[in-house]
Amino acid sequence: MQPLPSKSAPVSISKDPVADLNELINKISPDKVFLLTDEHTQRLCRPLIDGVKGVTNNQSITIAAGDYHKNTEALASVWQMLSDGGASRHSLLINLGGGMPCDLGGFAAATYKRGIPFINLPTTLLSMVDASVGGKTGINFNGFKNEIGAFRIAEMVLIHTPFLNTLDKDNLLSGYAEMLKHALIDAPETLEKLLITEPDNISTEFLAELVADSVMVKDRYVEADPLEKNIRKALNLGHTIGHAFESLAMKKKRPALHGFAVAWGLIPELRLAVVKEKFPSEIAKNTADYINQLYGNHNFTPDDFEELFSLMQHDKKNKGDRINFTLLSNVGTPVIDIHCSKEEIKSAIFD
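Quantities reported herein were computed from a predicted structural model and do not represent experimental measurements.

> Please set out the overall build of the chain residue by residue, giving values where relevant.
Within the chain, the regular secondary structure consists of 13 helices and eleven strands. Taking 351 residues into account, the globule formula puts the C-alpha radius of gyration at 20 Å, and the chain, at 20 Å, falls close to it. Projected onto its principal axes, the C-alpha positions of the chain cover 55 × 40 × 35 Å. Buried positions account for 57% of the 351 residues belonging to the chain.

> Just give me the short version of the sheet that holds strand β3 (residues 33–38), but keep the residues and values in it.
Ordered in space as β1-β2-β9-β6-β5-β3-β4, the seven strands form an open sheet in which the pairing is mixed. Since the sheet does not close on itself, it has two edges, and those belong to β1 (2–3) and β4 (60–63), each with one partner. Contacts from helix α1 (residues 17–28) reach β3, β5 (92–97), β6 (118–122) and β9 (156–159) within the one sheet, and its direction differs from that of β6 by about 170°. Contacts from helix α4 (residues 99–111) reach β3, β4, β5 and β6 within the one sheet, and its direction differs from that of β5 by about 165°.

> Which residues make up the nonpolar core, and what are the values?
Counting 111 residues, the largest nonpolar core has Ile 49, Ile 94, Leu 125, Tyr 295, Met 312, Phe 325 and Ile 345 as the members making the most contacts within it. No other element matches helix α10 (residues 258–277), which puts ten residues into this core. Beyond its immediate sequence surroundings of up to four residues, Met 312 is in contact with Thr 240, Ile 241, Ala 244, Asn 318, Ile 323, Phe 325, Ile 345 and Ile 349.

> Pulling in residues and values, what's your account of the pairing of strand β10 (residues 324–330)?
Of all seven residues that make up β10, five are buried, and the element is covered over most of its length. Linking β10 back to strand β11 (residues 333–339) in an antiparallel pair, the connection comprises two residues, with Gly 332 at a positive phi of about 85°.

> If you had to explain unusual backbone geometry to someone new, which residues and values would you point to?
Only a minority of non-glycine residues have a phi that is not negative, and only a minority of peptide bonds are not trans. For Lys 253, which is not glycine, the phi dihedral falls at a positive 65°. For Lys 253, a relative accessible area of 61% corresponds to the exposed category. Even without glycine at this site, Asp 337 takes up a positive phi of about 60°. For Asp 337, the location among the structural elements is in strand β11. Asp 337 sits in the partly exposed class, given a relative accessible area of 32%.

> Before we move on, can you summarise the pattern of salt bridges with the specific residues and values?
Under the criterion given, the structure shown has 18 salt bridges. Among the ionic pairs, Lys 70 bridges to Asp 67, the shortest N-O distance being 3.6 Å. Connected via shared salt-bridge partners are Asp 67, Lys 70, Asp 103, Lys 145 and Glu 246.

> I'd love a proper account of empty space enclosed by the protein, names of residues and values included.
Tallied over the entire structure, the rule returns two cavities of 30 Å³ or more. In this structure, the largest cavity encloses a volume near 70 Å³. If you trace the largest cavity, you find 16 residues lining it, with Asn 120, Ser 132, Gly 135, Arg 152 and Ala 154 closest to the centre. Sorting the residues of the lining of the largest cavity by element identifies α4, β6 and β7 (136–141) as the ones contributing at least two each. Class assignment for the residues of the lining of the largest cavity results in eight nonpolar, six polar and two charged.

Rules of the game
Residues numbered from 1 in each chain as written. Predicted model: local features only at pLDDT ≥ 70, side-chain atom pairs only at ≥ 80, totals over all residues. Heavy atoms only, no water. Helix = DSSP H or I, 4+ residues; strand = E, 2+ residues; numbered from the N terminus. Rg over C-alpha atoms; globule rule 2.2 N^0.38 Å. Buried < 20%, exposed > 50% of the residue type's maximum accessible area, 1.4 Å probe, protein only. Pairing = 2+ DSSP bridges. Contact = heavy atoms within 4.5 Å. Axes fitted to C-alpha atoms, helices over the stretch in contact; angles between N-to-C directions. Core = buried A, V, L, I, M, F, W, Y, C linked by side-chain atoms within 4.5 Å. Salt bridge = Lys/Arg side-chain N within 4 Å of Asp/Glu carboxyl O. 1 Å grid on protein atoms, 1.4 Å probe; cavity = no way out; pocket = protein on both sides within 12 Å on 5 of 7 lines; lining within 4 Å. Points joined across faces, edges and corners; volume = space filled by probe spheres on them. Nonpolar A, V, L, I, M, F, W, Y, C, P; charged D, E, K, R; others polar.

In structure tokens, the structure reads:
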């Protein structure tokens, strides 16, 4: 393991996940070890960790893949299988997968018997730089993204970048969108590095370097504000509108990958930043052009706005009837809790 200098939670780059997991299991000394995968990671990634100590077929849990299944039914099934397998408060859950298994598995671990230890082994770029780190766990509920959840730090996040070889282009791009967001709240040189990169045409070594950089950006914000009372809200840049895009796409039965929705959400939120916080318009345009080139345009129309606005009203950053945004006054300078009017939001999305 190569530990990153993370202060908010233990994160390590792993070249040998089997050896590293066995080392961690010996250290934690659980009475039982359970492995959570989804259908995709069970087939594509589980073979890469054969030989992990204590994982048997009876203690392997597989759930349906896709964010659509990050719900109470899947959560209850994990609880049930932990119970049927005799899991105690001293058992360990390993979450092997993308954002969905890491989010749902972390929440299952946080709530089963009031909390059991868990390890995240992210297999997608999105989960490596976002879902697996930072201590947020949860599920979707009633049509809203991550509506129910808890803060719970993993015992360890092991990042093994060869898992990324199992990804298709769209899933690679989905994670890259969160890296763009991290760059925007970090520094101009970080953003410049990403804007000249072709994410589907870079070496594994360079991608591993970018992943480590991105994780450390998130770590700084989480360490400063673990429970998202203040500056950690900067990590929600692009998400107020992006989550609305994602939720409505799911409702319309044409789901969008999380990172695509965030990328689409970054464009109007940068437009709002130009208007509200005097963010440099040239940087906003260059970033929007890059996003359009990689992710295309969302296919929502002004006729969808009322539903989108209603979804934004459920954003967890809101206070009362105010829809609060994280915006930027410059690259690396986030401004939180900025209220935007309904008219300003509509104009930013569709004009």
